[in-house]
Amino acid sequence: MTSTVTPGTAGTAHTRIEGPAKVTGNAVYAYEQDTVAPLHLCGVGATIARGRVRAVDTAAAAAVPGVVAVLTADTAPRLDDGASTEQAVLQTRAVHHRGQYVAAVLAETAEAAREAAGAVVVTYDAEDAVTAFDPDSSQAYTPEVVVAFPPDTRTGDPETAFAQAPVRIDATYRTPIEYHHPMEPHSTVARWDGRHLTLFEASQSVWDARRQVAALFGIGDDDVTVVSPHVGGGFGTKGALHAGSVLAVLAARAVPGRSVKLSLTRREMTDTTGYRPATVQRVRLGAGTDGRLHALAHDVVEGGARMAEYGEPTAVMSRHLYAAPHRATSHRVVPLDLSTPTYMRAPGEAPGSFGAESAVDELAVALGIDPVELRIRNEPDVDPDTGRPFSSRNLVACLRRGADRFGWADRDPRPRTRLVDGWWHGTGVAAAFFPTFAMPGSAAAIRYSADGDPGTGAPGRYRVDIAASDIGQGARTVLTQIAAEALGVPPAQVDLNLGDTGLPHATMAGGSAGTASWATAIVEAADRFRDKWGTDPEDGAEADGVAGHNPAMAEYAMGAHGAHFVEVAVHADTGEIRVPRMLGVFAAGRILNPLTARSQFLGGMVWGLSMALHEEGVVDPARGHVVNHDLAGYHVAANADVGDIDAEWVDEHDPLVNPVGAKGIGEIGIVGVAAAVANAAHHATGVRVRSLPITLEHFLAV
């Protein structure tokens, strides 16, 4: 790879390539794809949480002008027998959760489809359902895995070490159900032409979507084309095909040769596209009077779905962050008659850091040790879980730089001592961790085109093809920069194509691993191109590359780290909470684009603030109905919630993680924010809040 620094290449600021198209409304998303005379689809959701459909009366719906078809479990096309419960849409009369599709209407207009869907009459044989999360449920069980990690770990004798520790913290923390709510709802346009399916899909992985839909319909992967040029946010929910996408493809199969369009409502999204499950976390910390941890235990009970297993890796962060000779983590899942949870914005680390980092703050208070200093004292020499050396780890540098910038040294450690104009003010800190990895298997192809008019002196252009997904994180821009650097040319000479299964395979945009995975393939292709063609390629010169497995992942512990510093103000009379200041300092390998990276860090911090102050899914325990199923009832952070917010990073050189030395940054900004806010609220008021979201009710009794 060339070492020449060209403006706009990797490591320098570059504005978003697709920015003008987005701000002018010219960026075309899945639902906006140009189709001829499409049919519109509207689903009918179950009104019970568990049972069976007894009958569906479609007569009134079919009579609505413009209706083309009404589908039920008795009339819908059949899927392959291997379909999962969630994806087996309209295949049986069984009802597994409220909102599950039990019928669907196809019509010439969206208005007719919606009117007809409201006219479908469904009767049920309801069964007893459990929709309220009870952490003491006798049905709690050990999941097979929590995402990709073992559910339980144990080192030494944590129970004895905890009992013998001079200072002990034993506290329980709670987080609620949370929903993704990307700005672009789940949207699908599907069309069958004979055996071939064309699918425009809001997706975090077009190749995974192709594989899933091909398996569901018993056809070959080559019989499916998936296109997803722009995605208006994913946050994990668009990482797999949910029921709505399958319903659209199923409906399109019933009317071959015509396009079928579906864009979910907010209610449908809360019912059918996954969520972060509720958690109850018991954290036990045993330490000496010097603050050194002797024992660490993080035990989690969380909600799940009876219809399919998903385990949130809530306690996994606690396996890696601090040194302790005796340690244990565990996960138990309570099956509920709800739809299946899924990955959501820093899955595991986001809720787990609230419990873990709140407990560390409680320990600091009990010891009378500064919370920043306590974290530094428990910095491990090697990864506490695996014993592997770190490829790089700069948590201490983040803590120290953040403390210096935030003015931490001027802090009075006593709680409830600073009252300003009727507001109690306090400050808090929390550490952050998110694993770094790259998924092997992505491929890239590069082709050179010489200028068509040699007389102009214009340089040739490099076309870079990879089926990556830009879900708003700026993949178009940073991958263009990476390709330009690897080829030794300015970014203006690179044309990047992504979001289409007609391009070389790319792994998912998820787990903060997209850039690392795709960049590895692009750099490999560029190296091959230069080895073969040099710096003066002929017209049509091309080369490709594939991202292989990184052997260093088996030898080193890899992760991004950070520190969050927060100031909180709580009104002395009303309990209203505001955040005047937030600062995040991160160590995330090489920063490939400072401009977009800072935006990602800040965006993550806002999501963490949203989790701390607002986000809470409310489920009616009697009916399994999501009460706050839209953005009017499900609140997210707004500009009034935070005053000054800033993010920066420490320089970190880590050639072991991938060829460009980059760690993921999409999720590390979220991790720890909620704990930092809760810790600051305690410092401001003396009230220890152990459940999210943090609302005025927590402070009114003070």
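Every chain is numbered independently, its residues counted from 1 as its sequence is written. pLDDT decides what is reported in this predicted model: residues at 70 or higher carry local features, side-chain atom pairs at 80 or more are listed and counted, and totals for whole chains, interfaces and linings draw on all residues regardless. The side-chain numbers reported here are obtained from all heavy atoms of the structure, hydrogens and water having been left aside.

Student: Looking at this structure, how should I read the overall build of the protein?
Tutor: Check the secondary structure of the protein and you find 14 helices and 24 strands. The quantity called the radius of gyration is restricted to C-alpha atoms. Its globule counterpart is 2.2 Å times the number of residues to the power 0.38. Computed over its C-alpha atoms, the radius of gyration of the protein comes to 26 Å, within 12% of the 27 Å expected for a compact globule of 702 residues. Accessible area is worked out with a 1.4 Å probe on protein chains only. A residue is then buried under 20% of its type maximum, exposed over 50%, and partly exposed in between. For the protein, buried positions account for 59% of its 702 residues. Whether two residues are in contact is decided by their heavy atoms, any of which lying within 4.5 Å being enough. Partitioning the contacts of the protein with sequence separation of at least 6, the portion at a separation of at least 24 is 81%. Accessible surface is estimated by sampling points in the Shrake-Rupley manner with a 1.4 Å probe; for residues, cover comes only from the protein chains shown. Total accessible area computed for the protein in this model is approximately 26,200 Å², and 51% of it derives from carbon and sulfur atoms. His residues and chain termini do not enter the charge count, which takes Lys and Arg as positive and Asp and Glu as negative. For the purpose of locating charges, the reference atoms are NZ of Lys, CZ of Arg, CG of Asp and CD of Glu. Considering the protein, the positive charge centre built from 57 side chains and the negative charge centre built from 83 side chains are found 3 Å apart. Every helix listed is a DSSP run of H or I at least four residues long, and every strand listed is a run of E at least two residues long, numbered separately from the N terminus.

Student: What is the right way to read the sheet that holds strand β20 (residues 494–497) from this model?
Tutor: Strand-to-strand pairing in sheets goes through backbone hydrogen bonds, with the strands running parallel or antiparallel. Should DSSP find at least two bridges between two strands, the strands are taken to pair. Spatial strand order, β20-β19-β18-β21: four strands in an open sheet with mixed pairing. Two strands bound the open sheet, and with one partner strand each, they are β20 and β21 (542–546). Looking at each pair of strands side by side, their axes are set apart by 15 degrees on average, direction ignored. Each of β18 (443–449), β19 (461–465) and β20 is contacted by helix α11 (residues 475–487), which is oriented at about 135 degrees to β20, the strand it contacts most. With axes taken as lines fitted to C-alpha atoms, and helix axes fitted only over the stretch in contact, angles between N-to-C directions fall between 0 and 180 degrees. Across the face of the sheet, helix α12 (residues 514–533) comes into contact with β18, β19 and β21 while running at roughly 145 degrees to β21.

Student: Looking at this structure, I do not really get the pairing of β18. What am I missing?
Tutor: Side-chain direction in a regular strand flips from residue to residue, so the side chains alternate between the two faces of the sheet. For β18 and β21, the ladder comprises five bridges, and the chain directions are antiparallel. Each bridged residue has a counterpart across the sheet, and for Ile446 the counterpart in β21 is Ala543. Of the strand pairs in this sheet, β18 and β19 are connected by five bridges, and their pairing is antiparallel. Its bridge partner being in β19, Ala445 is matched across the sheet by Asp465.

Student: What's the story with the pattern of salt bridges in this structure? I'm lost.
Tutor: A side chain with one charge can pair with a side chain of the opposite charge if their charged atoms come near. We count a salt bridge whenever a side-chain nitrogen from Lys or Arg sits within 4 Å of a carboxyl oxygen from Asp or Glu. Tallied over the entire structure, the rule returns 42 salt bridges. In this structure, Glu576 engages Arg578 in a salt bridge whose closest nitrogen and oxygen atoms are separated by 2.8 Å. Using a relative accessible area of 27% as the deciding quantity, one classes Arg578 as partly exposed.

Student: Would you mind going over the packing of aromatic side chains with me for this structure?
Tutor: Any aromatic ring pair is given by two values, namely how distant the centres are and how the planes are angled relative to each other. Only Phe, Tyr and Trp rings are paired, with Trp represented by its six-membered ring, and only when their centres lie within 6.5 Å; those with planes under 30 degrees apart are stacked, over 60 edge-to-face, the remainder tilted. If you walk through the whole model with that rule in mind, you get 12 aromatic pairs. Where Trp408 meets Phe565, the ring centres are 5.5 Å apart and the plane angle is 75 degrees; that geometry is what we call edge-to-face. Highlighted residues: Trp408 in the loop between α10 (395–406) and β16 (419–420) and Phe565 in strand β22 (residues 559–571), separated in sequence by 157 residues. Each member of the pair, Trp408 as well as Phe565, is classed as buried. Feature note: the residues Tyr179, Tyr275 and Tyr634 constitute an aromatic cluster, connected by ring pairs. In this scheme, Lys NZ or Arg CZ marks a charge over a ring once it lies within 6 Å of the ring centre and within 35 degrees of the ring normal. Here the guanidinium or amino end of Arg253 rests over the ring plane of Trp192, the centre of that ring lying 4.6 Å away. Cation over ring: Arg345 sits above Phe235, and NZ or CZ is 5.2 Å from the ring centre.

Student: Would you explain the sheet that holds β16 in this entry?
Tutor: The strand order β16-β17-β22-β23-β24 describes an open sheet built from five strands, whose pairing is mixed. In this open sheet, the two strands that pair with only one neighbour each are β16 and β24 (642–649). Here β22 pairs with strand β23 (residues 577–587) via nine bridges, running antiparallel. Bridged to His564 within β23 is Gly584. Strands β17 (423–435), β22, β23 and β24 of the sheet are contacted by α10, whose axis makes an angle of about 30 degrees with β22. Its contacts with the sheet put helix α14 (residues 673–685) on β17, β22 and β23, and the angle it makes with β17 is roughly 155 degrees.

Student: Please clarify how the environment of Pro313 should be interpreted in this entry.
Tutor: Structurally, the position occupied by Pro313 is in the loop between β14 (293–305) and β15 (326–336). The spatial distance from the C-alpha of Pro313 to the C-alpha of Leu595 is 31 Å, given a sequence separation of 282 residues.

Student: Quick question: what am I supposed to make of unusual backbone geometry here?
Tutor: Excluding glycine, residues mostly have negative phi values, and the peptide bonds linking residues are mostly trans. The omega torsion of the bond from Leu692 to Pro693 falls at -5 degrees, within 30 degrees of zero and hence cis. Summarising the element assignment, Pro693 is placed in the segment after α14. Positive phi, close to 45 degrees, is recorded for Ala37, a residue that is not glycine. For Ala37, the location among the structural elements is in the loop between α1 (19–23) and β1 (39–45). Of note, the phi angle at Phe235 is positive, near 60 degrees, even though the residue is not glycine. Secondary-structure assignment places Phe235 in the loop between β11 (224–227) and α6 (243–254).

Student: Can you help me understand the pairing of β23 in this one?
Tutor: Among the 11 residues of β23, eight are classified as buried, and the element is accordingly described as predominantly covered. The antiparallel pairing of β22 with β23 creates a hairpin that spans five residues between the two strands, and Gly575 there sits at a positive phi of about 80 degrees. In terms of strand pairing, β23 meets β24 through seven bridges, oriented parallel. Paired with Phe586 across the strands is Trp649, a residue of β24. You can see the chain leave β23, run along helix α13 (residues 594–613) and come back into β24, and the turn it takes is right-handed. Classification remark: right-handed applies to a crossover when, strands pointing away from the viewer, the course from the first strand over the helix to the second runs clockwise.

Student: Mind showing me how you'd approach a nonpolar patch on the surface here?
Tutor: Taken together, the side chains of Val147, Phe149 and Tyr343 define a hydrophobic patch exposed on the protein surface, amounting to about 230 Å² of accessible area. Mapped onto the elements, Phe149 comes out in the loop between β6 (121–126) and β7 (153–155). A patch is a set of surface residues, each over 30% in relative accessible area and not in a salt bridge, joined within 9 Å for like charges and within 5 Å for the nonpolar side chains Val, Leu, Ile, Met, Phe, Trp and Tyr.

Student: What am I meant to see in the environment of Val44 here?
Tutor: Along the chain, Val44 turns up in strand β1. Sequence-wise, Val44 and Ala59 are 15 residues apart; in three dimensions their C-alpha atoms are separated by 15 Å. The contacts of Val44, once residues within four sequence positions are left out, are Gln100, Tyr101, Val102, Ala103, Ala104, Ala117, Val120 and Val122.

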